[in-house]
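Remarks on the overall topology
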Amino acid sequence: MTIRAKIVGTGSCVPEKVLTNKDLEKIIDTSDEWITTRTGIKERHIVEQGENNSDLAVGAARAALKMATISPDDLGLIIVGTLSPDMPMPSVACLVQQALGAKKAGAMDVSATCSGFLYGLSIADKFVRSEPDMKVLVIGSEVLSRRTNWRDRTTCVLFADGAGAAVVTGGEGERGIVSTCLHADGTLWELLTIRGLGTAHPVDASILEKGWQYIEMQGRDVFKHAVKALESVALEAVDASGWSMEEIDLLIAHQANIRILEHLRERLSLPRDKVFINIHKYGNTSAASIPIALDEANRQGRLMAGDKVLLVSFGGGFTWAGVTMSW
Ligand code: COA
């Protein structure tokens, strides 16, 4: 008998405040035309003062629990993928656990940048397959607007805030997660960083002067690695499932850049209607991008029982990951 980890509820939460490309034209030397053609982004959501990563994570979690019709008391584990926690200690997961009143749940953050949600989902898959009654809440949540240098036009037009969540539990049958593939290459870490405010470079005037508290990226190099890694992990995950790419009903890839998504679609020979895209509305929300997209696809009725779904991510570190599931 096959036991699989299934997603039984999804949710998402983004800040109310919307920052459009036109708004950005007023604060930096850029244009709606440049941002749209180079990235596909039209607008993004940005937190207001006092609004934090854990608030977005809790909003997404509540929506996912509601859809799954389970209570916080039923949760055995909370995993939050994030690179922008409220603070170094405690974890965002503990803040979520407290806010939900999930008294029986363990809680931890996973630091795998834009792959944080898929790393978290893979961990949930292993737990649930060995303990099928367990209910795991997996969240991807980011407040990148506070790690963005608003004077650096090469990055500030890209990154944004939001959270997405999924409730995972075990069940008999073919539906659920089929394959998980995780990868990393630390030799390339310098291409995408937030160097400062960790213990290597703690707060001091020289760090702030260098802008090391912000995201720094070698965009062109990251682009090339992203396309290659996403393609190879997509093929690997589909192959590990015993499926062919033609059988995939929906690809949800990390929403970093429309051109990356288009390259990937072409390399995998997938038709446009099989590739989910919402980057125009949210920008790059790192670990939150896949669960936000998954929740939107779910609520739009684009996921039917038994559909073959492929999720792929790539981010700083580098990390990359692929997950297949029969919905
Ligand atoms: N508005 C207007 N012009 C801009 C700009 C902006 N926001 N940002 C950069 N430019 C300019 C540059 O200064 C450069 O001008 P120059 O030719 O006079 O020097 C020109 O546009 C081209 O810059 P370049 O960085 O080569 O552009 P690009 O086509 O590589 O696009 C990215 C830049 C960041 C959109 C692209 O490299 C990218 O998406 N990379 C991957 C990002 C990613 O996915 N990161 C996250 C992984 S999780």
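Sequence order sets the numbering: in each chain, residues are counted from 1 along the sequence as written. The predicted nature of this model means local features are confined to residues of pLDDT at least 70 and side-chain atom pairs, given and counted, to a pLDDT of 80 or more, with totals for whole chains, interfaces and linings taken over all residues. Excluding hydrogens and water, the side-chain figures rest on all heavy atoms present in the structure.

Within the protein one finds eleven helices and 13 strands. In this description the radius of gyration comes from C-alpha coordinates, and the expected globular size is given by 2.2 Å times residues to the power 0.38. Relative to the globule expectation of 20 Å for 327 residues, the C-alpha radius of gyration of the protein, 19 Å, shows essentially globular dimensions. For the protein, the spread of C-alpha atoms along the principal axes amounts to about 60 × 45 × 35 Å. Relative accessibility under 20% of the residue-type maximum defines a buried residue, over 50% an exposed one, and the middle range a partly exposed one, all with a 1.4 Å probe and only protein chains included. By the burial criterion, 54% of the 327 residues in the protein qualify as buried. We call two residues contacting when some pair of their heavy atoms lies within 4.5 Å. Sequence separation of 24 or more characterises 77% of the internal contacts of the protein that already satisfy a separation of 6 or more. About 14000 Å² of surface is accessible on the protein, with carbon and sulfur atoms providing 51% of the total. Of the charged side chains in the protein, 34 are positive and 40 negative, and the gap between their average positions amounts to 2 Å. Only DSSP runs of H or I covering at least 4 residues are called helices, and only runs of E covering at least 2 are called strands; the numbering of each starts at the N terminus. Each accessible area is a Shrake-Rupley result for a 1.4 Å probe, and residues are judged covered by the shown protein chains and nothing else. Only four residue types enter the tally: Lys and Arg on the positive side, Asp and Glu on the negative side, with His and both chain ends excluded. Just so you know, the charge point we use is NZ for Lys, CZ for Arg, CG for Asp and CD for Glu.

This brings us to the site of the ligand. To be near a molecule or strand, a residue needs just one of its heavy atoms within 4 Å of it. Neighbouring the ligand are 23 residues; Thr30, Arg38, Arg153, Arg220 and Asn257 lie closest to it. In protein, a polar contact requires one atom able to donate a hydrogen and another able to accept it; more generally it is a pair of N or O atoms within 3.5 Å, and residues adjacent in sequence count only if both atoms are side-chain atoms. At 2.6 Å from a nitrogen atom of the ligand is found a side-chain nitrogen or oxygen belonging to threonine 30. The side chain of asparagine 257 places a nitrogen or oxygen atom 2.6 Å from an oxygen atom of the ligand. Against a free-state accessible area of 960 Å², the protein chains account for coverage of 76% of the ligand. Counting residues per element, the ones that place at least two in the shell around the ligand are α2 (32-39), α6 (153-156), α8 (219-240), α9 (258-267) and β12 (308-315).

Bear in mind that the domain bounds are from an automatic or database domain assignment. Here the protein is described as being made up of domain 1 (3-174) and domain 2 (178-326). Domain 1 and domain 2 are separated by 14 Å when their C-alpha centres are compared. Listed by partner, the interface residues are 49 residues for domain 1 and 46 residues for domain 2. Its largest share of buried area at the contact with domain 2, domain 1 owes to Cys114, Leu118 and Arg147, together 19% of the area lost on that side. A pairing counts as a salt bridge when a side-chain nitrogen of Lys or Arg comes within 4 Å of a carboxyl oxygen of Asp or Glu. At the junction of domain 1 and domain 2, the tally comes to zero salt bridges. Broken down by secondary-structure element, the contributors of at least two residues to the side of domain 1 that touches domain 2 are β1 (3-13), α2, β3 (43-45), α3 (53-68), α5 (116-130), β6 (135-143) and β7 (161-172). The biggest single contributor to the side of domain 1 that touches domain 2 is α5, with eight residues. Here the term charged refers only to Asp, Glu, Lys and Arg, the term nonpolar to Ala, Val, Leu, Ile, Met, Phe, Trp, Tyr, Cys and Pro, and the term polar to all other amino acids, Gly among them. Grouping the constituent residues of the side of domain 1 that touches domain 2 by class yields 18 nonpolar, 20 polar and eleven charged. What counts as buried area is the accessible surface, traced by a 1.4 Å probe, that two parts surrender upon association, with contributions from both included.

Our next topic: the pattern of salt bridges. Overall, the coordinates contain 15 salt bridges when judged by the stated rule. Two residues, arginine 4 and glutamate 174, come together in a salt bridge whose shortest N-O distance is 3.3 Å. One end of the pair, arginine 4, is in strand β1; the other, glutamate 174, is in the loop between β7 and β8 (176-184), and 170 residues separate them in sequence. Among the residues examined, arginine 4 registers a relative accessible area of 15% and is labelled buried. On the basis of relative accessibility, which here comes to 52%, the residue glutamate 174 falls in the exposed class. In this structure, lysine 26 engages aspartate 23 in a salt bridge whose closest nitrogen and oxygen atoms are separated by 3.9 Å. Residue classification places aspartate 23 among the partly exposed positions, given a relative accessible area of 25%. A single salt-bridge network, built from bridges that share partners, covers Asp125, Lys126 and Arg129.

Okay, the sheet that holds strand β13 (residues 319-326) next. The sheet built from four strands is open, its strands ordered β8-β13-β12-β11 with mixed pairing. This sheet does not close on itself; its edge strands, each paired only once, are β8 and β11 (250-253). The average undirected angle you get between the axes of adjacent strands in this sheet is 10°. The sheet contacts of α5 involve β8, β12 and β13, and relative to β8 the element is tilted by about 130°. Set on the sheet, helix α11 (residues 289-299) makes contact with β11 and β12; between it and β11 the angle comes to about 150°. When DSSP locates at least two bridges between a pair of strands, those strands are taken to pair. Interaxial angles span 0 to 180 degrees and are taken between N-to-C directions of axes, which are lines fitted to C-alpha atoms, for helices over the stretch in contact.

On the surface, Arg38, Arg220, Lys224, Lys228 and Arg259 cluster together into a patch of positive charge. No other element matches α8, which puts three residues into the positive patch. With respect to the helices, strands and loops of the structure, lysine 224 is situated in helix α8. Patches were defined on residues exceeding 30% relative accessible area and lacking a salt bridge, with like-charge contacts within 9 Å and nonpolar side-chain contacts (Val, Leu, Ile, Met, Phe, Trp, Tyr) within 5 Å.

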